[in-house]
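Close look at the chain arrangement
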Amino acid sequence: MRSTARKAVGVVAMASVVALALAGCARGGGGDGGDSTNAAASPGITDTTVTLGITTPLSGATAGPGTCTVAGVTAYFGAKNAEDGGVKFGDGKTRKVEIQKLDDAYDPQKAKANYDQLKDKVFAMGVGLGTPTNRAWREAAIADKVPQVLVETGDPIFSDRSQSPWQLGFVPIYQNEGEAFGKLLATATGNHKVAILSQNDDFGKGYVEGFKEGIKGASNITIAKELTYEATDTSVDAQLTELAATGADVFFNAMSITPLVITSLQKAQQLNWKPSWFLPSNTSSPKAILEPGKATAFPGVYSVAFSKAVASPAYAGDADVKKFLSDLKQYGNYQDVPAFPHCVWSYISGATLEQAFEKMTAPTRENFMKALLSISDFKAPLMLDGTAVDTTKDGQPAVSTVVVQKFNGKGFDTVTSFQ
């Protein structure tokens, strides 16, 4: 009887081991990133569809660029779904890409609530605009093991693999942009005095940090004064008046709020202060910001870019731009030529996601992250020469290369020297 009992225990134990092993395979376990073709599918993906969730500002002061984040990626996958029946994944299955979007009005609490609503319905979250809004649910996404990818914020935390294992930023980090302009200014002839106004958060601090790194060791550059403002401020007239009094000939304005950039341009002219300006890539739109701000009154307005300015006459005949504008109108429900670059950025994000999907060998979030972080030197549609998507570098977003450009009255021209 004891022998029989031992055999019975052995059978139960072996059955338990087999059950655990099968469960591990079903989860895509074994440390292989979910490569097993028999792995159980994660939420939001079937044999025929995959769903992407987006929380982004569709109302409020940042609704312009926020709406673009949805329109661009919707246009890209709308065209893929219509023309090719979807995207062919690495497991051989062709899936249509569906998108669920929710408005967070650039409110962190709403963004977190949106995430909670979508997390069990979508395969991955991403593409949405905003540093505070994306930060609001970053830790929850890590705990839930939900991909939070290609987010439109330059906050470096989203590209730090140790701090953010389920995240990846899309646009260059703030430091990259600030440093690019600083390096350009450092090579200029003559002496230059710089006034700095920055947003009092990680956005502004990152830009200023990068700028200072770029001018390090340049004896011809002097920082006359640094001031900050809060993202909730409705006016920065007092700061501009104080900075104008320095007589600085260069104004480094690390500002993310569209209406404040416009009124800043206008206020500087009222003060008869006309320095050269630097503006971040997300607040330098010619049509939406520079034209109403009458930016041609200044000797130069500089920004950085990695994508083509689709409203510029220089790209009127460009094949990529024609395809983008057609897709945007037909599938993105966006009838006008976009005034914000975010439409282009999210379209490029769509192309980047397609690259990851094509590398996926199992329908799991783990396998998706592995595939997404293996893209190197991908020249997506609408990217400028000298820039590319590279997701393989820890500490860097999907796009980390930029070129400095100068406003020409209608669009931007790439420049290699400060003029």
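Residues numbered from 1 in each chain as written. Predicted model: local features only at pLDDT ≥ 70, side-chain atom pairs only at ≥ 80, totals over all residues. Heavy atoms only, no water.

1. Section: the overall build of the protein chain
- Of regular secondary structure, the protein chain possesses 13 helices and 13 strands.
- For the protein chain, the proportion of its 419 residues judged to be buried stands at 54%.
- Taking as baseline every contact in the protein chain between residues at least 6 positions apart, the subset at least 24 positions apart corresponds to 70%.
- Computed over 39 positive and 42 negative side-chain charges, the inter-centroid distance for the protein chain is 4 Å. (Helix = DSSP H or I, 4+ residues; strand = E, 2+ residues; numbered from the N terminus. Buried < 20%, exposed > 50% of the residue type's maximum accessible area, 1.4 Å probe, protein only. Contact = heavy atoms within 4.5 Å. Lys, Arg positive; Asp, Glu negative; His and termini not counted. Charge placed at Lys NZ, Arg CZ, Asp CG, Glu CD.)

2. Notes on the nonpolar core
- Phe170, Trp273, Leu290, Ile348, Phe357 and Phe368 are the most contacted members of the largest nonpolar core, which has 81 residues in total.
- Examining the composition of this core, we find that nine residues originate from one element, helix 12 (residues 342–359), more than from any other.
- With residues up to four places along the chain from it excluded, the contact list for phenylalanine 357 reads Val50, Phe77, Val87, Phe89, Gly90, Val97 and Phe368.
- The next biggest cluster of nonpolar side chains, apart from the first, holds 24 residues, and it includes Ala180, Val194, Tyr207 and Tyr302. (Core = buried A, V, L, I, M, F, W, Y, C linked by side-chain atoms within 4.5 Å.)

3. Details of the sheet that holds strand 8 (residues 221–229)
- Sheet architecture is open: seven strands sit in the order 8-7-9-10-11-12-13, paired in mixed fashion. Strand pairing shows two members of the sheet lacking a second neighbour, strand 8 and strand 13 (412–414), which therefore form its edges. Strand-to-strand twist of the sheet, defined as the mean angle between neighbouring strand axes without regard to direction, takes the value 25°.
- With eight bridges connecting them, strand 7 (residues 192–199) and strand 8 associate as parallel partners. (Pairing = 2+ DSSP bridges. Axes fitted to C-alpha atoms, helices over the stretch in contact; angles between N-to-C directions.)

4. Brief notes about the pairing of strand 12 (residues 403–407)
- When you tally the buried positions in strand 12, you get five out of five residues, the bulk of the element.
- In strand 12, alternate side chains face the same way, and those of Val403, Gln405 and Phe407 on one face and Val404 and Lys406 on the other are all buried.
- The pairing of strand 11 (residues 301–305) with strand 12 spans four bridges and is classified as antiparallel. Paired with valine 304 across the strands is valine 404, a residue of strand 12.
- Pairing of strand 12 with strand 13, which is carried by three bridges, proceeds in the antiparallel orientation. Bridged to lysine 406 within strand 13 is aspartate 413.
- With antiparallel pairing between neighbouring strands as the criterion, strand 12 and strand 13 make up a hairpin whose turn holds four residues, including glycine 409 at a positive phi of roughly 105°.

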